[in-house]
Each structure stands twice: as structure tokens, then as C-alpha cells.
Amino acid sequence: MGSRRLGLLLGAGFIAAGAFSQLILPGAKAQTPQAGEIDLIIRNGTIYPGGAAPFRGDVAISGDKIVYVGPHAPASAKRVIDASGMIVAPGFIDTHTHVDDALTSELPAARLVLPFLTQGVTTAFIGVDGVGNPAIADSFGKGVNRDSGINYASYVGFGAVRLQVIGAADRQPTPQELGKMQNLVAGAMCEGALGLSTGLFYAPQSFAKLDEVVALSRIAAARGGVYDSHLRDESSYTIGLSGAVDEALEIGKQAQIPVHIAHIKALGVDVQGQAGVIIEKIEAARRAGQIVHADQYPWSASGTGLSAALLPRWAQDGGRAATLARFDDPAQMAKILPAMADNLRRRGGPASILITQGPAETIGKTLEQISKETGADPVATAVAILRRNEAGIASFNQSDADIAALMKRPWVVTSSDASEGHPRYYASFARKYSVYVKEKKVIDLRTFIDQSTAVTADLFSLTGRGHLKAGAFADVVVFDPARYGPRADYVHPALFSQGMRTVLVNGKIAIDDGAPTGIAAGRPLPRTPKAGSCR
């Protein structure tokens, strides 16, 4: 690629090497590395350091730290990687994932999380949607030799706490039960949780009222945590998208806790086009001094369970066994079926529901296709599937205009919501670059990198991550701007992305010349609780 063409791709703000001053992490010493001190130099790349303009130069690494970022690292090194024509950036940070099982697997290959490394993701947040294990030290591998391919931080989950104390019932906690739940949250925060995560859309979390969520959020707030929420409604199921945003903001105000809205979107035909309204609500709160931010995945199809998408919440009271019993009760089915039909309409109809997990003969087909094959109407088809087992779906329910409007906001960072059966597990960061930077030009390259690195690290106080600076941890990616992109799609969701040439995690090479090395250098990243809050 010629220098003029590369310069056009990189965008405005490019720093000439001669005008550059070395980037230094606060507290680190500014000094030129000496021969014999350097393990690796990445030379001649176009460096996007995270939160600053790009320039051509070198990155030098010793051990697990970056020791130099600048126009030229003069020292020799044990290894030199020529990054001419390549983009060099901090490792990407994914704020909303479902890789908990992979990271805690007994299988070393699963713990590498190669779908992330091949996209350049070096750090992930788990425990989202309210599922985070209250025994969070177990999630961090306490007392277990369990190496991982990526770094990870974890939330304590509101749903997991509620299930442990109350179970799956639709009722409010007693004062004693609320106290137990608060103690579980406090214990998890003191063991390093990022904060409290909720999935208020999902039963049994949906049964909780605002004051219960506020009571637990205050516990997280007192220990320096964040309130992370899959909103109670991203569509028009209950209180509506607008009402759900209001609720999240109100929880933040009452609990005095930063609010992070997970996978922000306008889901379904009833709310498409409302991104502008949501943006104004959030930005008004930010102007008033409230800390609010969000993440977003770059797909028009969400991923969830078939029951969560179509069943009314009251029909899930008591868990799966109780739901199946209702399926055998004609009086209750007379209420369930119309509610399911309306939820199916809300999501765009049976052609908009793709089965990604479930009975083998249904995977890769839409609910409409299965309905035609069986001769049953779509709602009856969904019930028949659910009688056999829960099914995972990709639900096509968002507009391109809403996706673009939200992506442009400076308080929205990149995420994947990675889950098996959906291409977002393998390709979210690659797709955001390929589709929204190169193809549609919704954002520029620097914005994509900052939203995937520095902005995220700064919002969540991930010290030493998200920036290429002397003193920072050596989470570094080198990718080909002409080739980096997704291979996975909705029909073939488990294909590795391409164009990621080198990935370092804590100074170790996890991807070398495009191929996995098998090295597991990731680390748990427990959050340090607020001073004096844990005794």
C-alpha cells in the first residue's frame, strides 16, 4: 500500500515522526531503552496509541511491559517484527461477553478463547446480564492452576444473587433475604468485582422492583463499583425502551453509582428510530453530572433465548418446569399464545427469528422456515421447540440508522455480547472495522480503535491497559488494514476473523504471523475496592 493511500485511510491527525514526543504512562520514567534490555521491538508500524493521534514508529517491550513508544527505538532486541504497512494498537477490550464457561473450562484450548485473540481482543468482561458468580474469587481461578489466553474482569450478577437467596419465584425479598443478598454483593466486591450487573429483561430478575436493585447497587457503589445493566426493556415488552433507560438512570442517581448500559439498542419494530430520543436522555443526564456510558455490538441481529424473546414473563415464574406445566394447561395457554404472537410481531415476525442453538434439525433455519416444514403456525412451532429444550436465536430487530447514530457517540464503546451460535463471538471487532469504518464510513479508524481500547480502559479504570505507553502492560495488536475483517456470518458463525497479524498479551505472543501460538498469558483483573470499604 502506498504511503499516500495509507495516509488517507488513517485519517486526519497523523503525527510526523520528527514532531513526536515519547508517550509515557503516568509514574513511569521516560528513558530510551538500551541494547540487551529489550525482548521485542515492533518497528515501522502506524501506531494508534489509544486516545492520541497516530504516527509512524516503534514499540519496544521488555517482559510484560511496554518500555518505549516513539519514532525510533534504537536498541536491538531478541526479536524484531517489521510492521511496515500495518496498524499497531493496544489490545482490544470487550466490555460485554459470555465467555465465562470458556475461561473456567477444564480444557486449555477453550481457555485460550481463540475467537477473541484472532480479532485482537486481549481483555474481556464476564459476569454480565446478572449472571456473575457471587463467589467471584472462583471466577478468578483462586487456588486453581487455570491459565487463560486473555485478561478478564468480572461483575457480580444480580440474577445469580437473587437465585441463590430467593430462587426463581415472582416475589419480593423479605428484609432478611435482602440483607443476605447485600452481603453476597459486598463479599464479591471485596474479592474484586467490577460492580453489579443486572439483566432485568430476564426472569427471575424481571420480577425485582426498582428499590431492590437500588439497595444492592448501593452496596456496589460504596466499594467503588459500576452498575451495568441489560435494560428491563429494549423494546416495548413492559415499560418500553425509554422507560427502561429512565429506570437505569434513576438507579444510578439513587445509588450514587456510575451507570453502564449494556449493548445499547432500539430493538423491534415498535421502537426502531428511537436512538435519538435515547441519546438525548443519556446526554442530558451526563450534562447534569451523572456518569453514564454504554457499549454496543455492530450487528443488526441480537442473540437471546427463544423463551426470553417470545414467552411472557409471568409464564416463566418458577422456572422451566413450571413453564412446561403451563403448556399442558389449556386455560393458561389461551393467555400464553396471544402474548407470544404479539412478541413475535414485536421482533419482526417469524422470518426475523433464526435458530442458532437447539434441536439439530432446526439450527440455521428461521422460525418461518420450520413452520412451513411442519405445517404448524409459527407460535405453535415455537412452543413445540421449547417443549423439547431451550433454543438460542439470532433476532433481526435493529435498524442501520439507529446502530450508526449510537456508534457515533463518544460515550459508546465496542462490545460483542459474544455467545455461541452467533457470529458476534468470532467477528464483532473485525466487523465493526470492516463494515462501519471501511465500507460505510460511519466512524473513522481512530474512533474505532479508541472505542475499543483507551476509552474503555479509562471509563473502567483499567490501569495500564488500553494505551500504548511506556510502563503499560504489553497488550498489543498488529493488523493489516487491507485484510482485517470477519469471515463469520449468520450461516457460518464459527469462522475465525482474518488479517490480525500479531497479538501480544502481557508481553507474550499469542498470535504470530496470523497463527495462534498456544501461549496462555492472560490474567484475571480484580478491581481494587474503594479504600476502607472492605474490612
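Here, every reference points to the structure presented above.
Treat the numbers as computed from the prediction; the structure is a model and nothing was measured.

Draft legend 1. Representation of the overall build of the protein chain in the model. On a plain count of helices and strands, the protein chain comes out with 19 helices and 21 strands. Going through the 535 residues of the protein chain one by one, you find that 58% of them count as buried. With an accessible surface of roughly 20,000 Å², the protein chain has 53% of that area assigned to carbon and sulfur atoms. Here the protein chain contributes 53 positively and 49 negatively charged side chains, and the mean placements of these two sets differ by 4 Å.

Draft legend 2. Fine view of the packing of aromatic side chains. With the rule as written, the count across this model stands at 17 aromatic pairs. Ring geometry for Phe140 versus Tyr152: centroids 6.1 Å apart, planes at 40°, classification tilted. Residue Phe140 is located in the loop between helix 5 (136-139) and strand 8 (151-154), and its partner Tyr152 is located in strand 8; the two are separated by twelve residues in the primary sequence. For the pair shown, Phe140 and Tyr152 are each scored as buried. Taken together, the aromatic side chains of Phe92, Phe429, Tyr433, Phe448, Phe479 and Tyr484 make up a single cluster linked through ring pairs. Above the plane of the ring of Phe473 lies Arg465, whose end atom (NZ or CZ) is 4.0 Å from the centre.

Draft legend 3. Inspection of the pattern of salt bridges at higher detail. For the structure on display, the rule yields 22 salt bridges. As a salt-bridge pair, Asp58 and Arg43 come within 2.8 Å of each other at their nearest N and O atoms. With Asp58 in strand 2 (residues 55-62) and Arg43 in strand 1 (residues 40-47), this pair connects stretches of sequence that are 15 residues apart. Each member of the pair Asp58 and Arg43 is classed as buried. Lys265 is the partner of Glu234 in a salt bridge, and the nearest nitrogen-oxygen pair spans 3.2 Å. Here Glu234, found in the loop between strand 11 (226-230) and helix 9 (240-255), pairs with Lys265, found in the loop between strand 12 (259-261) and helix 10 (275-287); they are 31 residues apart in sequence, far enough to count as distant.

Draft legend 4. Geometry of helix 13 (residues 330-346). Over its 17 residues, helix 13 extends 24 Å from the first C-alpha to the last, a length consistent with the 24 Å expected when each residue adds 1.5 Å. Burial in helix 13 covers these residues: Met333, Ile336, Met340, Asn343, Leu344 and Arg346. Considering only its buried residues, helix 13 is in contact with helix 11 (306-310), helix 12 (320-327), strand 15 (353-357), helix 14 (367-374) and helix 15 (378-388). Where helix 13 starts, the residue carrying a side-chain oxygen 3.0 Å from the main-chain nitrogen of Ala331 turns out to be Asp329. Gly348 lies just past helix 13 and shows a positive phi near 100°.

Draft legend 5. Layout of the state of the cysteines. Counting across every chain of the model gives one disulfide. The disulfide partner of Cys190 is Cys534, and the gap between their sulfur atoms is 1.9 Å. Taking the sign of the S-S torsion, about -90° here, the bridge from Cys190 to Cys534 comes out left-handed. Taken together, the residues Cys190 in helix 7 (residues 175-190) and Cys534 in the segment after strand 21 (515-516) connect sequence positions 344 residues apart. Assessed through its relative accessible area of 33%, Cys190 is described here as partly exposed. Note on Cys534: relative accessible area 30%, which makes it partly exposed.

Draft legend 6. Quick peek at unusual backbone geometry. In the segment running from Ala203 into Pro204, the intervening peptide bond is cis, with an omega of 5°. In this structure, Pro204 sits in the loop between strand 10 (195-199) and helix 8 (210-222). Phi is positive for Asp129, close to 60°, though the residue is something other than glycine. Topologically, Asp129 is positioned in the loop between strand 7 (121-126) and helix 5.

Draft legend 7. Main features of the side chain of Asp402. In this fold, Asp402 is placed in helix 16 (residues 400-407). Buried charge without a partner: Asp402 forms no salt bridge, and the closest opposite charge is Lys265, 11 Å away.

Draft legend 8. View of the environment of Pro173. Tracing the backbone shows Pro173 in the loop between helix 6 (158-165) and helix 7. Taking the C-alpha atoms as reference points, Pro173 and Ser419, separated by 246 residues in sequence, lie 31 Å from one another. If we skip the residues at most four places from it in the chain, Pro173 touches Arg162, Ile166, Leu178, Met181 and Glu212.

Draft legend 9. Focus on the sheet that holds strand 10. Strand order in this open sheet of six strands is 9-10-11-12-13-17, and the pairing throughout is parallel. One side of each edge strand has no neighbouring strand; the edge strands of this open sheet are strand 9 (156-157) and strand 17 (412-414). Bridging between strand 9 and strand 10 involves two bridges; their strand directions are parallel. When the sheet's bridge partners are listed, Val156 is paired in strand 10 with Leu196.

So, how was this worked out
- Residues numbered from 1 in each chain as written.
- Predicted model: local features only at pLDDT ≥ 70, side-chain atom pairs only at ≥ 80, totals over all residues.
- Heavy atoms only, no water.
- Helix = DSSP H or I, 4+ residues; strand = E, 2+ residues; numbered from the N terminus.
- Buried < 20%, exposed > 50% of the residue type's maximum accessible area, 1.4 Å probe, protein only.
- Areas by Shrake-Rupley, 256 points an atom, 1.4 Å probe, with all protein chains shown as cover.
- Lys, Arg positive; Asp, Glu negative; His and termini not counted.
- Charge placed at Lys NZ, Arg CZ, Asp CG, Glu CD.
- Phe/Tyr/Trp six-rings, centres within 6.5 Å; stacked < 30°, edge-to-face > 60°.
- Lys NZ or Arg CZ within 6 Å of the ring centre and 35° of its normal.
- Salt bridge = Lys/Arg side-chain N within 4 Å of Asp/Glu carboxyl O.
- Expected span 1.5 Å × (residues − 1).
- Contact = heavy atoms within 4.5 Å.
- Polar contact = N/O pair within 3.5 Å; in protein donor to acceptor, adjacent residues only side chain to side chain.
- Disulfide = S-S within 2.5 Å.
- Pairing = 2+ DSSP bridges.

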